[in-house]
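# Chains, contacts and geometry: an overview
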Amino acid sequence: MIRVGINGYGTIGKRVADAVAAQDDMELVGVAKTRPNFEAETAVSKGYPLYAAIEERLPLFEDAGIDVAGGVEDLVEASDVVVDACPSGIGAENKSMYDEYDTPALYQGGEDADLVDVSFNARSNFAEAEGADHVRVVSCNTTGLSRLLAPLQEEYGVKKARVTLVRRGGDPGQTGRGPINDILPNPVTLPSHHGPDVNTIFPDLNIDTLGMKVPATLMHTHSVNVQLEAVPTAEEVRELLGAESRLFLVPEKYAIDGAGKLKEFAMDHGRPRADIWENCIWDQSISMEDDDLYLFQAIHQESDVVPENVDAIRAVLGAADREESMTRTDDAMGVGF
Ligand SMILES: NC(=O)C1=CN([C@@H]2O[C@H](COP(=O)(O)OP(=O)(O)OC[C@H]3O[C@@H](n4cnc5c(N)ncnc54)[C@H](OP(=O)(O)O)[C@@H]3O)[C@@H](O)[C@H]2O)C=CC1
Ligand SMILES: O=C(OP(=O)(O)O)[C@H](O)COP(=O)(O)O
């Protein structure tokens, strides 16, 4: 069994914890939090051992009547690998602690690419993470782009990708985020971080990305144009993308017109937290104009990186190859509609 610790039990960390607990080759050693809030209560009610991320705060948990298994260093020491899902920048501060205990660590997309040995997307570069000590699972949007570009690059070759990312302003629980009545170029300069981030996975891929932020919390939406080397029909592209386990082609007959109905669809399917782990590509948006492919896809920012974190655990430990790991992860989590 692979012993996994999760440091940072927020939006991403709690989802990765559930996904790890669902794998039959992994054991969740525990999760680390800084304070005894509702998420601490939930972790305890799920039977996840709770560790204090800041050891001086141990008494706060005791005062709140929450049992704590130890401090974060105990968690790191007891784990074969740690998933760091702390807020952006805290992962970098934690790196020396992971090194001290010789525990490989996975970081999230909010950390800089130069913090790590390898930036990771399971479909695109699984094997590169094998044996690495520090791996970054790229951001939700970059994960969505990498999953899409990998089969296109392999099958047809990519001359150039141009993507406009319409980004949700904040997650549903982030009550302090905005905008609340505006549409922002964000960043106003080009490129957004997503293009350079895609290049951490595909170094030679020619890609420009532009970002915007809008007053929405449910999902991001991408307007994608990929100029291809070989020229398939739109139907051939549909078949290629439809065969990928983490790409969901939203059928026209479902009459799903946006993120609201996608989330409703996920809830109808009994998805935990209404999570959508797959890229949602509108089937009827897939179009070819000469050598240009166009499509729209929606990305659930809170959950698409979760299966990628599970695969990265196996990758760093050399516990499985790409296909075996992705299949195990998907089967255990129920990825695929
Ligand atoms: N949310 C998203 O859409 C996505 C986020 N990411 C990336 O994932 C990472 C985490 O983001 P997200 O889950 O949204 O962030 P959250 O703020 O939701 O969760 C992080 C949690 O870490 C805890 N924390 C804070 N400081 C520490 C610390 N020193 N040690 C341990 N835990 C700490 C906080 O909980 P508490 O203080 O209560 O313990 C907080 O809730 C970032 O790099 C982000 O860029 C990637 C893809 C999508
Ligand atoms: O990784 C994400 O988005 P990103 O790919 O646009 O950076 C997450 O949705 C977090 O984005 P945020 O930095 O707006 O919180």
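Taking an unreviewed UniProt entry as the reference, the chain is identified by name as Glyceraldehyde-3-phosphate dehydrogenase belonging to Halomarina rubra. Here is the UniProt Subcellular location (unreviewed entry) comment for the chain, exactly as written: "Cytoplasm". As recorded by UniProt, the Pathway (unreviewed entry) comment attached to the chain reads in full: "Carbohydrate degradation; glycolysis; pyruvate from D-glyceraldehyde 3-phosphate: step 1/5."

### Considerations on the site of ligand 2
As a matter of local geometry, ligand 2 sits amid Ser139, Cys140, Asn141, Arg167, Arg168, Arg177, His193, His194, Lys213, His220 and Gln301. In isolation ligand 2 has 380 Å² of accessible area, and contact with the protein removes 75% of it. If you list the elements that add at least two residues to the shell around ligand 2, you get α7 (140–155) and β9 (158–168). Its residues assigned to classes, the shell around ligand 2 shows 1 nonpolar, 6 polar and 4 charged.

### Concerning the UniProt feature "binding site: NAD(+)" (unreviewed entry) in the chain
With numbering aligned to this structure, UniProt lists the feature "binding site: NAD(+)" (unreviewed entry) at Thr11, Ile12, Gly110, Arg168 and Gln301. Among the secondary structure elements, Ile12 is positioned in helix α1 (residues 11–21). With a relative accessible area of 18%, Ile12 lands in the buried category. Note on placement: Gly110 falls in the loop between β6 (105–107) and β7 (118–120). Other than its neighbours up to four places away in sequence, Gly110 contacts Ser88 and Gly89.

### Description of the domain arrangement of the chain
A common measure of how large an interface is: the accessible area buried when the components associate. Parsing the chain into structural domains produces domain 1 (2–138 + 305–333) and domain 2 (140–299). Placing the centre of domain 1 and that of domain 2 at their C-alpha centroids yields a distance of 26 Å. Interface area, domain 1 with domain 2, both sides summed: about 1,800 Å², of which 46% is carbon and sulfur. Area buried by domain 1 at its contact with domain 2 is led by Arg15, Arg123 and Val138, which between them contribute 32% of it. Our count for the domain 1 to domain 2 interface comes out at 9 salt bridges. We note a salt bridge from Arg246 to Asp330, for which the minimum N-O separation is 2.9 Å. At the boundary of domain 1 and domain 2, one finds 12 residue pairs in polar contact (both at pLDDT 80 or more). When the residues that make up the side of domain 1 that touches domain 2 are grouped by side-chain class, the tally is 9 nonpolar, 6 polar and 9 charged.

Rules and cut-offs
Residues numbered from 1 in each chain as written. Chains lettered and ligands numbered in written order. Predicted model: local features only at pLDDT ≥ 70, side-chain atom pairs only at ≥ 80, totals over all residues. Heavy atoms only, no water. UniProt positions renumbered as here; feature names shortened; annotations may be inferred. Near = heavy atom within 4 Å. Areas by Shrake-Rupley, 256 points an atom, 1.4 Å probe, with all protein chains shown as cover. Helix = DSSP H or I, 4+ residues; strand = E, 2+ residues; numbered from the N terminus. Nonpolar A, V, L, I, M, F, W, Y, C, P; charged D, E, K, R; others polar. Buried < 20%, exposed > 50% of the residue type's maximum accessible area, 1.4 Å probe, protein only. Contact = heavy atoms within 4.5 Å. Domains from an automatic or database assignment. Buried area = accessible area lost by both parts, 1.4 Å probe. Salt bridge = Lys/Arg side-chain N within 4 Å of Asp/Glu carboxyl O. Polar contact = N/O pair within 3.5 Å; in protein donor to acceptor, adjacent residues only side chain to side chain.

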